[in-house]
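Tertiary structure, described
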Amino acid sequence: MEIPASSITFTFLILNAKVITKVIMNETADPSSAAGKGPPMERVLEGRSMARTLLHAMRALNASLDRVCLGIGYLCGGLFLMLAFFITYQSLAREYGWIMSPGTDQLSGYVMAMGSTWAFAYALQAGAHVRIDELMPYMSPRVSAVADWVAVASMAFFVCITAWNTWRMVRRSYELGAVSNDYPLTPIWIPQSLVAIGFSMVSLIAVYMLVHAVAEGALPVFHKWAGGTESYRAVSSLSLIHI
């Protein structure tokens, strides 16, 4: 199965850079959160305004994404677990002369390709990637928040290009009628489509994280302009996002 160089590069980068969406301006708005004392805080808008309605809608969407991505995480984990049992059986079958399944390498590659790219979506939403933050302790809360926003924007730009090129590869494989070199002679566009779907999910989540970060910073300001007020509460520990 042919994997583009851009996909390999993306895999390397995403495993070595954790992108965490800190809400722009929120850290400086609440002293205890900015100082790192106590649990993370989020703004609670009081009163009525269109900005408050939009913010609540985005937070509800974020909670739904948490649940969807958690399900994707369980799915990918289950695929890797079944793959481990499958490879273990194949090893034992080769040793003791049992019936073996043909196309082991092909099937294992397809599962790894799907499981890895789909799991990126869960890892990005859950903030589970490794973070290199040598300079973060030297930044002010506002500069740190802006740096995180730039990181999310960079991730969204890069992964959207990767998803677009992967779908182009799928289309070309479909037009050429390309199949795998070994049994079961799978049309290459099928496993490539699974990879493209995984990168597309990551791109959608990255773009949403970018919009969500801006909304969390801007909508409370618009709410105040409309005559509303705000307070703060601790972020629920059940959330998948670790700020």
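Here the structure is a predicted model, which is why all the values come from computation and not from measurement.

**As for the overall build of the chain**
Along the chain, the regular secondary structure elements total seven helices and two strands. With 243 residues in all, the chain has 40% of them scored as buried. Residue pairs at least 24 apart in sequence account for 81% of intrachain contacts in the chain once pairs closer than 6 positions are excluded.

**A closer look at the packing of helix 5 (residues 104-126) against helix 7 (residues 189-225)**
The contact between helix 5 and helix 7 brings their axes to 8 Å, and the two run at 5°. Here helix 5 lies roughly parallel to helix 7, going by the angle between them. On helix 7, the residues touching Tyr110, Ala113, Met114, Thr117, Trp118, Phe120, Ala121, Leu124 and Gln125 of helix 5 are Pro191, Leu194, Val195, Ile197, Gly198, Phe199, Met201, Val202, Ile205, Ala206 and Met209. Residues belonging to the contact of helix 5 with helix 7 are distributed by class as follows: 17 nonpolar, three polar and no charged.

**Some remarks on the pattern of salt bridges**
Summed over all chains, the structure comprises one salt bridge. Of the charged contacts, one joins Arg171 and Glu175 as a salt bridge, the two residues approaching to 3.1 Å between their closest N and O atoms. Of the two residues, Arg171 and Glu175 are both situated in helix 6 (residues 141-176); the distance of four residues between them amounts to about one turn of the helix. Judged on exposure class, the residue Arg171 and its partner Glu175 are both exposed.

**A few points about the environment of Gly78**
Looking at the secondary structure, you find Gly78 in helix 4 (residues 50-96). Remark: the alpha-carbon pair of Gly78 and Gly115, spanning 37 residues in sequence, is separated by 9.1 Å.

**What about helix 5?**
With 23 residues, helix 5 ought to run about 33 Å at 1.5 Å a step, and its terminal C-alpha atoms sit 32 Å apart, in line with that. Trailing helix 5 by a residue or two, Gly127 shows a phi angle of about 65°, which is positive.

**Considering the packing of helix 6 against helix 7**
Contact geometry for helix 6 and helix 7: axes closest at 8 Å, N-to-C directions at 155°. Taken together, the axes of helix 6 and helix 7 lie roughly antiparallel to each other. In this structure, the crossing between helix 6 and helix 7 has a hand that is left-handed.

**Considering helix 7**
When the terminal C-alpha atoms of helix 7 are compared, their 52 Å separation across 37 residues agrees well with the 54 Å that a helix rising 1.5 Å per residue should span. When the local axis directions of helix 7 are compared, the greatest deviation, roughly 30°, occurs at Glu216, which is followed within four positions by the proline Pro220.

**Let's talk about the confidence of the model for the chain**
On average, residues of the chain carry a pLDDT of 75, and 75% of them reach 70 or more. When the criterion is pLDDT under 50, residues 237-243 qualifies, and its contacts beyond four places in sequence or with other chains add up to 15 contacts.

**Description of the nonpolar core**
By size, the foremost hydrophobic cluster in this structure holds 23 residues, and its most contacted members are Trp118, Leu124, Val202, Ile205 and Ala206. Counting residues per element, the ones that place at least two in this core are helix 4, helix 5, helix 6 and helix 7. Looking at this core element by element, the count peaks at eight residues for helix 7.

**A word on the environment of Tyr208**
Turning to its location among the elements, Tyr208 is positioned in helix 7. Note on Tyr208: relative accessible area 11%, which makes it buried. Those residues in contact with Tyr208 that lie beyond four places of it in its chain are Met58, Leu61, Asn62 and Leu65.

**Points about the side chain of Ser200**
In this fold, Ser200 is placed in helix 7. For Ser200, the contacting residues outside a window of four places in its chain are Ala163 and Trp167.

**So, the packing of aromatic side chains**
For the structure shown, the criterion picks out three aromatic pairs. Among the aromatic residues, ring-to-ring pairing joins Tyr89, Tyr96 and Trp98 into one connected group.

**Topic: a nonpolar patch on the surface**
There is a patch of nonpolar side chains on the surface, built from Tyr89, Leu92, Tyr96, Trp98 and Ile99 and spanning about 580 Å² of accessible area. Tracing the chain through its elements places Tyr89 in helix 4.

What counts and how
- Residue indices begin from 1 for each chain and proceed along its sequence in written order.
- Since the coordinates come from a predicted model, pLDDT governs what is reported: local features require at least 70, and pairs of side-chain atoms require 80 or more to be given and counted, while whole-chain, interface and lining totals use all residues.
- The side-chain values count all of the structure's non-hydrogen atoms but skip hydrogen atoms and water molecules.
- By definition, any uninterrupted DSSP run of H or I lasting at least four residues is a helix, any uninterrupted run of E lasting at least two residues is a strand, and each is numbered from the N terminus.
- Buried, partly exposed and exposed residues are distinguished by accessible area as a fraction of the type maximum, computed with a 1.4 Å probe on protein chains only: under 20%, between the cut-offs, and over 50%, respectively.
- Here, residues are in contact when the closest pair of their heavy atoms is within 4.5 Å.
- To obtain an axis, a line is fitted to C-alpha atoms, over the contacting stretch when the element is a helix, and the angle between two such axes runs from 0 to 180 degrees between their N-to-C directions.
- The cut-offs work like this: below 35 degrees is roughly parallel, past 145 is roughly antiparallel, 65 to 115 is roughly perpendicular, and the gaps in between are oblique.
- In this count, Pro and Cys sit with the nonpolar residues alongside Ala, Val, Leu, Ile, Met, Phe, Trp and Tyr, while Asp, Glu, Lys and Arg are called charged and the others, Gly among them, polar.
- Salt bridge, as applied in this entry: a Lys or Arg side-chain nitrogen positioned within 4 Å of an Asp or Glu carboxyl oxygen.
- Given the number of residues in a helix, its expected span is that number minus one, multiplied by 1.5 Å.
- If you view the pair so one helix is near and one far, a crossing is left-handed when the near helix is turned anticlockwise from the far one by less than a right angle, and right-handed when it is turned clockwise.
- To get the bend at any residue, fit one axis to the seven residues that end at it and another to the seven that begin at it, then take the angle between the two axes.
- pLDDT is a per-residue confidence score from the predictor, ranging from 0 to 100.
- In plain words, nonpolar cores are sets of buried Ala, Val, Leu, Ile, Met, Phe, Trp, Tyr and Cys residues tied together by side-chain atoms within 4.5 Å.
- Geometry of aromatic contacts follows a simple scheme: Phe, Tyr and Trp rings, the Trp one being its six-membered ring, pair when their centres are within 6.5 Å, and the pair is stacked under 30 degrees between planes, edge-to-face over 60, tilted otherwise.
- For patches, a residue must show more than 30% relative accessible area and have no salt bridge; joins then use 9 Å for like charges and 5 Å for nonpolar side chains, namely Val, Leu, Ile, Met, Phe, Trp and Tyr.
- Surface exposure here means Shrake-Rupley accessible area, sampled with a 1.4 Å probe, where a residue is shielded only by the protein chains that are shown.

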